[in-house]
Amino acid sequence: AVLYAFGIAMRQATAGTEGGDQYFGSVWKSMFSLLVYATLLDSPAEVMESLNEVGIVLFLLVIALSALLLLNMLIGVMCEVVSGVSQTERESMAETFVREKVQKIMFQRH
């Protein structure tokens, strides 16, 4: 959704410029260019050199938003992994506790 919205904005903001024709000639081309050059940071300076002021501001905004979104997803994945490991450790501790109690009871009766 972010690439689509900014793809439209970049298409409008850079219409008639050299960078607009080369990188943002259509909405699909804009979305692809934003994915490759802004999200994946594959030579963003090359694109920015050919943009006007409005295009540069929008392009930098896409870079910032992409970084925040990717970081947010990474944090979410890490939290999920930590939660899973924590649950596994709790189950393991409970199993060890029960096993020790059962062994203690079994040895007391003999």
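Residues numbered from 1 in each chain as written. Predicted model: local features only at pLDDT ≥ 70, side-chain atom pairs only at ≥ 80, totals over all residues. Heavy atoms only, no water.

### Brief notes about the overall build of the chain
Helices and strands together make up the secondary structure of the chain, namely five helices and zero strands. Taken across its 110 residues, the chain has 24% of its residues classed as buried. Counted over contacts in the chain with a minimum sequence separation of 6, partners at least 24 positions apart contribute 52%. Carbon and sulfur atoms form 67% of the exposed surface of the chain, whose accessible area is close to 7,900 Å². Computed over 7 positive and 11 negative side-chain charges, the inter-centroid distance for the chain is 24 Å. (Helix = DSSP H or I, 4+ residues; strand = E, 2+ residues; numbered from the N terminus. Buried < 20%, exposed > 50% of the residue type's maximum accessible area, 1.4 Å probe, protein only. Contact = heavy atoms within 4.5 Å. Areas by Shrake-Rupley, 256 points an atom, 1.4 Å probe, with all protein chains shown as cover. Lys, Arg positive; Asp, Glu negative; His and termini not counted. Charge placed at Lys NZ, Arg CZ, Asp CG, Glu CD.)

### Quick word on the nonpolar core
One broad rule of soluble globular proteins: the nonpolar side chains tend to lie buried together. Grouped together as the largest cluster of nonpolar side chains are 14 residues, with contacts concentrated most on Met 10, Phe 24, Leu 34, Val 47 and Phe 59. Elements supplying a minimum of two residues to this core: helix 1 (2-13), helix 3 (27-39) and helix 5 (53-109). Those residues in contact with Met 10 that sit more than four places away from it in its chain are Phe 24, Leu 34, Leu 51, Gly 55, Leu 58 and Phe 59. (Core = buried A, V, L, I, M, F, W, Y, C linked by side-chain atoms within 4.5 Å.)

### A short note on the environment of Leu 69
Among the structural elements, Leu 69 can be located in helix 5. Residue classification places Leu 69 among the partly exposed positions, given a relative accessible area of 43%. Taking the C-alpha atoms as reference points, Leu 69 and Thr 39, separated by 30 residues in sequence, lie 9.8 Å from one another.

### What to know about helix 3
Every buried residue belonging to helix 3 is among Ser 30, Met 31, Ser 33, Leu 34, Val 36, Tyr 37, Ala 38 and Thr 39, and all of these are buried. Phi for Leu 41, located one or two positions after helix 3, is positive at around 55°.

### A short note on the confidence of the model for the chain
The share of residues in the chain with pLDDT of 70 or more is 98%, and the mean pLDDT across the chain is 94. In the model of the chain, helix 2 (residues 18-23) stands out as the element of lowest mean pLDDT, 91, in contrast to helix 3, which has the highest, 96. (pLDDT = per-residue confidence, 0-100.)

### A look at the packing of aromatic side chains
One pass over the full model with this rule turns up two aromatic pairs. Where Tyr 23 meets Tyr 37, the ring centres are 5.3 Å apart and the plane angle is 80°; that geometry is what we call edge-to-face. Separated by 14 residues along the polypeptide, Tyr 23 in helix 2 and Tyr 37 in helix 3 bring together distant segments of the chain. Tyr 37 matches Tyr 23 in its accessibility class, with the two residues each being buried. (Phe/Tyr/Trp six-rings, centres within 6.5 Å; stacked < 30°, edge-to-face > 60°.)

### What about the pattern of salt bridges?
Oppositely charged side chains may form a pair once their charged atoms are brought near each other. Under the defined criterion, the tally for this structure stands at one salt bridge. A salt bridge links Arg 99 to Glu 95, with the nearest nitrogen and oxygen atoms 2.7 Å apart. Note that Arg 99 and Glu 95 are positioned in helix 5 at a spacing of four residues, about one turn of the helix. The class of Arg 99 is partly exposed, set by a relative accessible area of 43%. (Salt bridge = Lys/Arg side-chain N within 4 Å of Asp/Glu carboxyl O.)

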